[in-house]
There are 2 protein chains.
Amino acid sequence: MTTSKPQEAGPDVRAELARLRDSIDNIDAAVVHMLAERFKCTQQVGHLKAAHHLPPADPSREAHQIARLRSLAESAKLDPAFAEKLLNFIIAEVIRHHERIADDAGTTAADTAG
Amino acid sequence: MTTSKPQEAGPDVRAELARLRDSIDNIDAAVVHMLAERFKCTQQVGHLKAAHHLPPADPSREAHQIARLRSLAESAKLDPAFAEKLLNFIIAEVIRHHERIADDAGTTAADTAG
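Residues numbered from 1 in each chain as written. Chains lettered and ligands numbered in written order. Predicted model: local features only at pLDDT ≥ 70, side-chain atom pairs only at ≥ 80, totals over all residues. Heavy atoms only, no water.

In this fold, B:Leu86 is placed in helix α3 (residues 80–113). In the structure, B:Leu86 is positioned 20 residues away from B:Ile66 in sequence and 9.9 Å away in space, judged by C-alpha atoms. (Helix = DSSP H or I, 4+ residues; strand = E, 2+ residues; numbered from the N terminus.)

Before going further, it helps to spend a moment on the interface of chain A and chain B. Listed as interface residues are 60 residues of chain A and, on the opposing side, 60 residues of chain B. With both sides pooled, the region where chain A packs onto chain B buries about 5,700 Å², and carbon together with sulfur makes up 73% of that total. Here chain A is connected to chain B by 8 salt bridges. The interface formed by chain A and chain B includes 8 residue pairs in polar contact (both at pLDDT 80 or more). (Contact = heavy atoms within 4.5 Å. Buried area = accessible area lost by both parts, 1.4 Å probe. Salt bridge = Lys/Arg side-chain N within 4 Å of Asp/Glu carboxyl O. Polar contact = N/O pair within 3.5 Å; in protein donor to acceptor, adjacent residues only side chain to side chain.)

On to unusual backbone geometry, then. Residue A:His53 is not a glycine yet carries a positive backbone phi of 55°. With respect to the helices, strands and loops of the structure, A:His53 is situated in the loop between α1 (11–51) and α2 (59–75).

Overlay of chain A on chain B (RMSD 0.0 Å): rotation 180°, translation along the axis 0.0 Å. Considering both components of the superposition, the chain copies are consistent with a two-fold axis. The position closest to the rotation axis in chain A is occupied by the C-alpha of A:Val31, lying 3.0 Å away. Same-surface contact between copies: 100% of interface residues of chain A are shared with the interface of chain B. (Least-squares fit on C-alpha atoms with pLDDT ≥ 70 in both.)

In terms of nonpolar packing, the biggest core is built from 57 residues, with A:Leu35, A:Leu78, A:Ile90, B:Leu35, B:Leu78 and B:Ile90 touching the most fellow members. Those elements that provide at least two residues to this core are α1, α2 and α3 (80–104) of chain A together with α1 (11–51), α2 (59–75) and α3 of chain B. Ignoring any residue separated from it by four or fewer positions in sequence, one finds B:Ile90 in contact with A:Phe82, A:Leu86, B:Leu35, B:Arg38 and B:Phe39. (Core = buried A, V, L, I, M, F, W, Y, C linked by side-chain atoms within 4.5 Å. Buried < 20%, exposed > 50% of the residue type's maximum accessible area, 1.4 Å probe, protein only.)

A few words on the packing of α1(A) against α3(A). All names here are of chain A. Direction vectors running N to C along α1 and α3 enclose 40°, while the axes themselves pass 9 Å from each other. The angle between α1 and α3 places the two elements in the oblique class. Of the two elements, α1 crosses α3, and the hand of that crossing is right-handed. Side by side, α1 and α3 meet where Leu35, Arg38, Phe39, Thr42, Gln43, Val45, Gly46, His47, Lys49 and Ala50 of the first sit next to Leu87, Ile90, Glu93, Val94, His97, His98, Ile101 and Ala102 of the second. (Axes fitted to C-alpha atoms, helices over the stretch in contact; angles between N-to-C directions. Parallel < 35°, antiparallel > 145°, perpendicular 65-115°, else oblique. Left-handed = near helix turned anticlockwise from the far one by under 90°.)

Turning our eyes to something else, we now look at the packing of aromatic side chains. Under the criterion given, the structure shown has 5 aromatic pairs over all chains. Ring geometry for A:Phe82 and B:Phe89: centres 5.8 Å apart, planes at 25°, overall stacked. Taken together, the residues A:Phe82 in helix α3 and B:Phe89 in helix α3 connect one chain to another. Each residue in the set A:Phe39, A:Phe82, A:Phe89, B:Phe39, B:Phe82 and B:Phe89 is aromatic and connected to the rest through ring pairs, giving one cluster. (Phe/Tyr/Trp six-rings, centres within 6.5 Å; stacked < 30°, edge-to-face > 60°.)

A word on the pattern of salt bridges. Within this structure, the stated rule accounts for 15 salt bridges over all chains. A salt bridge links A:Glu93 to B:Lys85; the shortest N-O distance between them is 3.8 Å. In this pair, A:Glu93 is assigned in helix α3 and B:Lys85 in helix α3, connecting two distinct chains. Between B:Glu84 and B:Arg70 there is a salt bridge; the shortest N-O distance is 2.5 Å. Of this pair, B:Glu84 sits in helix α3 while B:Arg70 sits in helix α2; the two residues are 14 residues apart in sequence, bridging distant segments of the chain. On the basis of relative accessibility, which here comes to 25%, the residue B:Glu84 falls in the partly exposed class.

Another point: α2(B). Residue and element names in this part refer to chain B. Helix length check: α2, at 17 residues, gives a terminal C-alpha distance of 25 Å against a target of 24 Å (1.5 Å per residue), a fit within 8%. The complete set of buried residues in α2 reads Arg61, Glu62, Gln65, Ile66, Leu69, Leu72 and Ala73. Along the long axis of α2, the arc covered by the buried residues comes to 135°, so they all point the same way. Exposed residues pointing more than 90 degrees away from the buried face of α2 are listed as Ser60, Glu74 and Ser75. (Expected span 1.5 Å × (residues − 1). Arc of directions from axis to C-beta.)

Without other data, these values stay purely geometric and don't point to any function.
Structure, rendered in structure tokens:
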């Protein structure tokens, strides 16, 4: 019966867990920096959209992004449903930023439109 | 008044938008592949935890991850609150995976514990 009994978490297991967690921490740092760069791009998109009266959200662009990411996720063996939920989570934040930029530019836009 | 009127989105604006969107798409592909690699690590963590009867969630580890990511986000000029929400979103998915792995290993574990 001893062979089927789960082992306690000894030093080897702790070391393996620490090794994996170091990799996870490195990946997280990379993702944070990629997303910081992504928001720099979307901030520029937001300013362009506000300056040219384009709507903050763009459903056809978003549909295309989601289809592409689902396909990329599948080939990377990442759950496509998770990738889609994640992109929606990020896009929701981006739209909030765009709305804020549009609101900040709002007075001028309303003045010129009125 | 023509100088303050928002410009229509002409070819230059469209080109600039396309340039920014290409960068966003490249970053998204990178993030998807980083996260695929992250889930490979967390799957291994899940198997280790299941084999050694460690709980799927680890609040002290998560608190440490969140504090670290908030600090990284701040130095990268990414909203720390957004980074924290994103990490919680990813961790929730990871815990679901760990629970599934533990459930799959459950019968054996219950047998040996019983």
